[in-house]
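Single-letter residue listing:
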Amino acid sequence: MNRLVLLPILPALLAASLAQAAPATYVIDPAHTYPSFEADHMGMSYWRGKLTKNAGTISYDKAAGSGSVDVQMDLASIDFGLDAMNAWAKGEQFFNVAKNPSASFKGRFDSAPGKLVGELTLNGRTKPMTLTIHQVKCMPHPLFKRDWCGADASGTFNREDFGLVAGKDWGFKMDVNLRIQVEAVVKE
């Protein structure tokens, strides 16, 4: 094809590629997002639980691998699979959800996008935290016909840094593994 014929088309192609590279805002799907955690039980075992009510947004530029994440977690939705443990964790001796009903992770993609560098807010305290991203995948949502992305990320924090020391005197380890698996659909 003649190069002169391509010249008028070039600006349109460039504009189209720039439009696709712009960051998009995704709304977290609460039916497919369940932050989970593992916490020591006196060195005997690890208790695993999840938070079943979550919300938030993700700003993501797929071309650059950059953006930000804001995940809001409802602590009253904690589920260890044991009602008595759920009630204790919500009570005054631990999360005290009457005083601190939510936790959040806010961060920015780093290393295109191998890590999320940000802050965890829990029990009224905010501390730096980095999550390692294990996978990110985007595709058209089969029902909504909009862009849809999912990811899995994890990291570790010391719960004592957040004033959550229950069990420390009994030998409980203070490190908690947090895993956030998330799915989000681009905002209309």
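Residues numbered from 1 in each chain as written. Predicted model: local features only at pLDDT ≥ 70, side-chain atom pairs only at ≥ 80, totals over all residues. Heavy atoms only, no water.

1. Structural notes on the overall build of the chain
Link 1 in the chain: Each helix and strand in the chain was counted, giving 3 helices and 11 strands.
Link 2 in the chain: Mapped in sequence order, the helices and strands of the chain form the string α-α-β-β-β-β-β-β-α-β-β-β-β-β.
Link 3 in the chain: When the 188 residues of the chain are sorted by exposure, 37% land in the buried category.
Link 4 in the chain: Here the analysis covers contacts within the chain between residues at least 6 apart in sequence; of these, 56% occur between residues at least 24 apart. (Helix = DSSP H or I, 4+ residues; strand = E, 2+ residues; numbered from the N terminus. Buried < 20%, exposed > 50% of the residue type's maximum accessible area, 1.4 Å probe, protein only. Contact = heavy atoms within 4.5 Å.)

2. Some words on the pairing of strand β7 (residues 102–110)
A regular strand places its side chains so that they alternate between the two faces of the sheet.
Link 1 in the chain: Where strand β5 (residues 66–74) meets β7, 7 bridges bridge the pair, whose relative direction is antiparallel. Bridge assignment links D70 to a residue of β7, and that residue is K106.
Link 2 in the chain: In this sheet, strand β8 (residues 115–122) lies alongside β7 in antiparallel orientation, the contact comprising 7 bridges. Each residue of the ladder has a partner; that of D110, found in β8, is K115. (Pairing = 2+ DSSP bridges.)

3. Considerations on the packing of aromatic side chains
Link 1 in the chain: Under the counting rule described, the total for this entry stands at 6 aromatic pairs.
Link 2 in the chain: Ring geometry for F37 and F80: centres 5.3 Å apart, planes at 80°, overall edge-to-face. Here F37 is found in strand β2 (residues 36–41), whereas its partner F80 is found in the loop between β6 (78–79) and α3 (83–90), with 43 residues between them in sequence.
Link 3 in the chain: Exposure remark for F80: the relative accessible area of 14% places this residue in the buried category. (Phe/Tyr/Trp six-rings, centres within 6.5 Å; stacked < 30°, edge-to-face > 60°.)

4. Some words on α3
Link 1 in the chain: When α3 is considered as a whole, its buried residues turn out to be M85, N86 and A89. Buried residues of α3, seen end-on, are gathered within an arc of 105° and therefore sit on one face of the element. Of the residues in α3, the exposed ones pointing more than 90 degrees away from the buried face are D83 and A84. (Arc of directions from axis to C-beta.)

5. Some remarks on the nonpolar core
Link 1 in the chain: Y26, I58, F95, L116, L122 and F157 are the most contacted members of the largest nonpolar core, which totals 39 residues.
Link 2 in the chain: Of the residues forming this core, the biggest block, 6 residues, is contributed by strand β11 (residues 175–186).
Link 3 in the chain: With residues up to four places along the chain from it excluded, the contact list for F95 reads L75, I78, A89, K90, N100, L122, N123 and L164. (Core = buried A, V, L, I, M, F, W, Y, C linked by side-chain atoms within 4.5 Å.)

6. With respect to the confidence of the model for the chain
Link 1 in the chain: Across the chain, pLDDT averages 88, with 87% of residues at or above 70.
Link 2 in the chain: Predicted confidence is poor over residues 1–19, with pLDDT under 50, and the contacts of this stretch with residues over four places away or in other chains come to 1 contact. (pLDDT = per-residue confidence, 0-100.)

7. Details of the pattern of salt bridges
Link 1 in the chain: Evaluation of the coordinates by the stated rule reveals 5 salt bridges.
Link 2 in the chain: Its salt-bridge partner being E38, residue R48 comes within 2.8 Å of it at the nearest N-O pair. With R48 in strand β3 (residues 45–51) and E38 in strand β2, this pair connects stretches of sequence that are 10 residues apart.
Link 3 in the chain: Looking at E38, the relative accessible area reads 25%, which means it is partly exposed.
Link 4 in the chain: Of the charged contacts in the structure, one is a salt bridge between R179 and D152, with a shortest N-O distance of 2.5 Å. Of the two residues, R179 sits in strand β11 while D152 sits in strand β10 (residues 147–158), which places them 27 residues apart along the sequence.
Link 5 in the chain: R179 sits in the partly exposed class, given a relative accessible area of 36%. (Salt bridge = Lys/Arg side-chain N within 4 Å of Asp/Glu carboxyl O.)

8. Let's talk about the side chain of H141
Link 1 in the chain: With respect to the helices, strands and loops of the structure, H141 is situated in the loop between β9 (125–140) and β10.
Link 2 in the chain: Overall, H141 belongs to the buried group, its relative accessible area being 9%.
Link 3 in the chain: Sequence-distant contacts of H141, defined by excluding residues within four places in its chain, comprise R146, W148 and V185.

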